[in-house]
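Fold and contact review
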Amino acid sequence: MVTVYVPRDTTACALGADAVAAAIAAEAASRNIDIELVRNGSRGLFWLETLVEVETPAGRMAYGPVNASDVAGLFDAGFYEGKQDSTLSWGPTEDIPYLKNQLRVNFARAGIIDPLSIDAYKAHGGYAGLTCALAMEAQVIVDEVKASGLRGRGGAAFPAGIKWQTVLDTPSEQKYIVCNADEGDSGTFADRLLMEADPFQLIEGMTIAGLGVGATQGYIYLRSEYPKAHDVLKTALANAYGAGYLGSDIAGSGKRFDLEVRLGAGAYICGEETSLLDSLEGKRGLVRAKPPLPAIVGLFGKPTVINNVLTLATVSAIFEKGADFYKGLGTGRSLGTLPMQLAGNIKRGGIVELAFGSTLRELMEDFGGGTASGRPMKAVQVGGPLGAYLPESEWDIVLDYEAFAAAKAMLGHGGVVVFDDSVDMLEQARFAMEFCAVESCGKCTPCRIGSIRGVEVIDKIRGSDGDERQRDDNLILLEELCDTMEFGSLCAMGGLTPFPVRSAVKHFPEDFGA
Amino acid sequence: MSTNVQQAAVQEILDGMKTMPGALLPILHEVQHTLGFIPADCVPAIAEALNLSRAEVHGVISFYHHFRSEPAGKHVVQICRAEACQAVGAKALEAHVQTSLDVSTGDTTADRNLTVEPVYCLGNCACGPSVQIGEDIYARVTPERFDALMADLDINGGAE
Ligand SMILES: Cc1cc2nc3c(=O)[nH]c(=O)nc-3n(C[C@H](O)[C@H](O)[C@H](O)COP(=O)(O)O)c2cc1C
Ligand code: SF4
Ligand code: FES
């Protein structure tokens, strides 16, 4: 019996993985070869999907990118015995430089195990962290998170332990753990892959959070654009209940934690934490003014920890491996690892998890291999639709929160969207305003109206057609509008939309008729 | 489906779900999943079951891009408009879709076979342009690939 792995994540399936799996099963049957087909998550090497792996005595061997039409040839070349005769052979998966040169903590199990199998999860270190946490007092759990240096991975990079302390210190009969799985930023898919490839890591992290702050109910707020993640989570939750890792007696401890997944409904603003809470309560996703902090008055008015998927998942690793291990990685005040996501016009797109401290250029060139189109790179947007566009002169920037803040840019959730030299940066600035207009919650005027005005002003710059006066007047107007949005908006939607706009004007003036 | 049948289906959903905390979004999802859209004449029943005003329920339905108050075409095609897909030709793809199907984004074809909608990121940003047809997401969708997908849809369970 040979074990063959074919990924089941969204991107692999979008590239035909289901057809590859079916072809492998059919071909094996017709050749009387006994195989066990496992649908693993993905390793996150999306440029190699569909990446088929075969278990051999010498480790797992990789073949990719495989299309259904390649399958018969792979059998002819003896791939099921781990032979390396096919043009699609990559040798041992772990030796592929893209993977080998990463430091995987969050994605250590991704693509290796069947995401729905608790046994496989436990065989790879899963639930060891919960076992430790169950033996700790709540305050010790929170202290451990503080000691790890973990900061929120959803964008604002707020220290997780400090948020948890506030919830622990706020007395209440009911408290909640909410996972922000709204992952709305273009160019990001780390949350999605984590949920599709290793969902128990998140479930375990949320359970530890519940123990840490005294919350017995958790919700995962998942964007509706992620149907596969939804299916995986539903089954994983059922399996965790079935195995006694959720419910009224977690792992025989007598302690309770219940967890449910809830779907968003296609609103980017519902990734903002207070809007998300309103949405979970069944309302329109309007941003709430802070204070009060959600940690004190959160979901249904109760103290609530709200953290990103990666933040909560990392907690399991911290309790498995220790806070010292985690804080030993990284640089300055950015500790641990950050899963970066290479997207857009890039030759080798995927997840690249590294300790903080490498540079953007290393990421895009060494891992990414340049553009997919083969044309020169022109601009890179880091940190989602509210992040700045960076020109080549800034690509040596170090991947850490403070370095990005100093450059008036944002590391955010770690998305890196690459554009080649055919991009028109005026169009990108216009899109930033248009996106804000479409997705604004509507509560404040600078955001709601300012973004619509922004589109109009940029259209006038485009239409100035050599009329320098018209262009310059409108560039000044655009700058004033950006000021109004930056300083007059309640949340970062309106407040940060000026960043991509201004960076486009500043770094690429030629696209604005200069 | 007649209005009565629709209302009975909605009532059944309400009976099963109305006591869950924050029930409105899960209920709306379930109604849309069952009926394909959220009929305006079901709003009063939903409002009553949850002790909300009709305006509140209507406000929620219209706030979220995902919910629809009108039936869609037989197939829903969503085209990603976000930055990572823009970087690999999403705009040209959307233009191609509009001309080849003779429909603007947000509308349904005259034969009611296809509804074309914008979507802002499907999490497939390393292999765009991304398109979702029904429940399935497709990667690296060039105009040619899109035409092939449409031809496939016609053969396998497309227009009657
Ligand atoms: C417009 C907007 C969109 C956001 N979208 C997300 C999102 O999709 N996912 C996320 O985790 N955080 C998002 N955030 C950040 C959250 O408000 C919040 O900071 C985060 O959930 C806190 O968790 P963390 O500390 O673990 O990062 C968004 C913020 C804003 C202003
Ligand atoms: S800035 Fe925009 S999204 Fe944020 S609260 Fe104001 S209107 Fe809503
Ligand atoms: S930007 Fe299109 S899938 Fe993410």
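Residues numbered from 1 in each chain as written. Chains lettered and ligands numbered in written order. Predicted model: local features only at pLDDT ≥ 70, side-chain atom pairs only at ≥ 80, totals over all residues. Heavy atoms only, no water.

As for the pattern of salt bridges
Residues and elements named next belong to chain A. Quick reminder of the rule: Whenever Lys or Arg places a side-chain nitrogen within 4 Å of a carboxyl oxygen from Asp or Glu, that contact is recorded as a salt bridge. Strands are runs of DSSP state E lasting at least 2 residues, helices are runs of H or I lasting at least 4, and numbering of each runs from the N terminus. Exposure is judged per residue with a 1.4 Å probe applied to protein chains only, and the accessible area is read against the type maximum: over 50% gives exposed, under 20% gives buried, and values in between give partly exposed.
With the rule as written, the count across this model stands at 43 salt bridges over all chains. For Arg 462, the salt bridge is made with Glu 427, and the minimal N-O distance between the two is 3.0 Å. Placement of Arg 462 in helix α18 (residues 445-463) and of Glu 427 in helix α17 (residues 425-439) is noted, with a sequence separation of 35 residues between them. With a relative accessible area of 42%, Arg 462 lands in the partly exposed category. Here Arg 502 and Asp 483 are joined by a salt bridge, their closest N and O atoms 2.8 Å apart. Taken together, the positions of Arg 502 in helix α21 (residues 498-507) and Asp 483 in helix α19 (residues 468-488) put the pair 19 residues apart, joining distant regions of the chain. Given the relative accessible area of 34%, Asp 483 is considered partly exposed.

As for the side chain of Asn 345 of chain A
Basically, it comes down to this: In protein, a polar contact requires one atom able to donate a hydrogen and another able to accept it; more generally it is a pair of N or O atoms within 3.5 Å, and residues adjacent in sequence count only if both atoms are side-chain atoms. In this description, contact between two residues means that some pair of their heavy atoms is separated by no more than 4.5 Å.
On the secondary structure map, Asn 345 of chain A appears in the loop between β12 (337-344) and β13 (350-355). Assessed through its relative accessible area of 4%, Asn 345 of chain A is described here as buried. Reaching out from Asn 345 of chain A, the side chain makes a polar contact with the backbone nitrogen of Ser 373 of chain A at a distance of 3.1 Å. When sequence neighbours within four positions are dropped, the list of residues in contact with Asn 345 of chain A reads Gly 370, Thr 371, Ala 372, Ser 373, Val 418, Phe 419 and Asp 420 of chain A together with Ala 87 and Val 88 of chain B.

Some details on the site of ligand 1
All names here are of chain A. Let me state the cut-off plainly: Any residue with a heavy atom positioned within 4 Å of a molecule or strand is treated as near that molecule or strand. Gly is put with the polar residues, along with every residue not named as nonpolar or charged; the nonpolar set is Ala, Val, Leu, Ile, Met, Phe, Trp, Tyr, Cys and Pro, and the charged set is Asp, Glu, Lys and Arg.
Close contacts around ligand 1 come from 19 residues, with Gly 154, Asn 180, Asn 307, Asn 308 and Thr 311 the closest. Here Asn 180 contributes a side-chain N or O atom positioned 2.9 Å from an oxygen atom of ligand 1. Within the side chain of Thr 311, a nitrogen or oxygen atom sits 2.7 Å from an oxygen atom of ligand 1. The leading source of residues in the shell around ligand 1 is strand β9 (residues 304-308), at three residues. Taken together, the residues that form the shell around ligand 1 break down as four nonpolar, nine polar and six charged.

A closer look at unusual backbone geometry
A cis amide bond links Lys 290 of chain A with the next residue in sequence, Pro 291 of chain A, at an omega value of -5°. Of note, Pro 291 of chain A is situated in the loop between α12 (273-280) and β9. A cis amide bond, omega -5°, links Gly 128 of chain B with the succeeding residue Pro 129 of chain B. Even without being glycine, Asn 32 of chain A reaches a positive phi, approximately 55°. Within the secondary structure, Asn 32 of chain A is located in the loop between α2 (17-30) and β2 (35-38).

Here we look at the site of ligand 2
As a matter of local geometry, ligand 2 sits amid 13 residues, with Cys 441, Lys 443, Cys 444, Cys 447 and Cys 491 of chain A nearest to it. Residues that form the shell around ligand 2 fall into these classes: eight nonpolar, four polar and one charged.

Points about the interface of chain A and chain B
As a reminder of what qualifies: Buried area is calculated as the accessible area (1.4 Å probe) missing from two parts once they are joined, with the contributions of both summed.
Contact with chain A, which involves 58 residues of that partner, is made by 38 residues of chain B. Interface of chain A and chain B: buried area, both sides summed, is about 3400 Å²; carbon and sulfur atoms make up 59% of it. The largest contributions to the chain A side of the interface with chain B come from Ala 14, Ala 265 and Phe 431 of chain A, which together make up 15% of the buried area. On the surface where chain A and chain B come into contact, there are one salt bridge. Residue Lys 91 of chain B is joined to Glu 427 of chain A by a salt bridge in which the shortest nitrogen-to-oxygen separation is 2.7 Å. For the interface between chain A and chain B, the tally reads 20 residue pairs in polar contact (both at pLDDT 80 or more). If you list the elements that add at least two residues to the side of chain A that touches chain B, you get α1 (10-14), β7 (217-222), β8 (258-263), α12, β12, β16 (415-420) and α17 of chain A. The element contributing the most residues to the side of chain A that touches chain B is α17 of chain A, with six residues. When its residues are assigned to classes, the side of chain A that touches chain B shows 29 nonpolar, 18 polar and eleven charged.

Comments concerning the packing of helix α6 (residues 90-101) of chain B against helix α7 (residues 143-155) of chain B
All names here are of chain B. Inclusion rule: Every angle, taken between N-to-C directions, lies between 0 and 180 degrees, and every axis is a line fitted to C-alpha atoms, over only the stretch in contact when it is a helix. For classification, angles of less than 35 degrees are called roughly parallel, those exceeding 145 degrees roughly antiparallel, those between 65 and 115 degrees roughly perpendicular, and all remaining angles oblique. For any pair of crossing helices, the crossing counts as left-handed if the nearer helix is rotated counterclockwise from the farther one by less than a right angle, and right-handed if it is rotated clockwise.
At a minimum axis distance of 10 Å, the contact between α6 and α7 shows a crossing angle of 40°. In terms of orientation, α6 lies oblique with respect to α7. For the crossing formed where α6 meets α7, the hand is right-handed. When α6 is examined against α7, the residues Leu 93, His 96, Val 97, Ser 100 and Leu 101 are found in contact with a partner set consisting of Pro 143, Phe 146, Asp 147 and Met 150.

Comments concerning the sheet that holds β16 of chain A
All names here are of chain A. The following threshold applies: Here, any two strands with at least 2 DSSP bridges between them count as paired.
Taken together, the five strands give an open sheet; going across it, the order is β13-β12-β16-β14-β15, and neighbouring strands pair in mixed fashion. A strand with exactly one partner marks an edge of an open sheet, and here the two such strands are β13 and β15 (389-391). Ignoring which end each strand starts from, the neighbouring axes of this sheet average 30° apart. By the bridge criterion, three bridges tie strand β14 (residues 377-382) to β15 in an arrangement that is antiparallel. Paired with Gln 381 across the bridge in β15 is Tyr 389.

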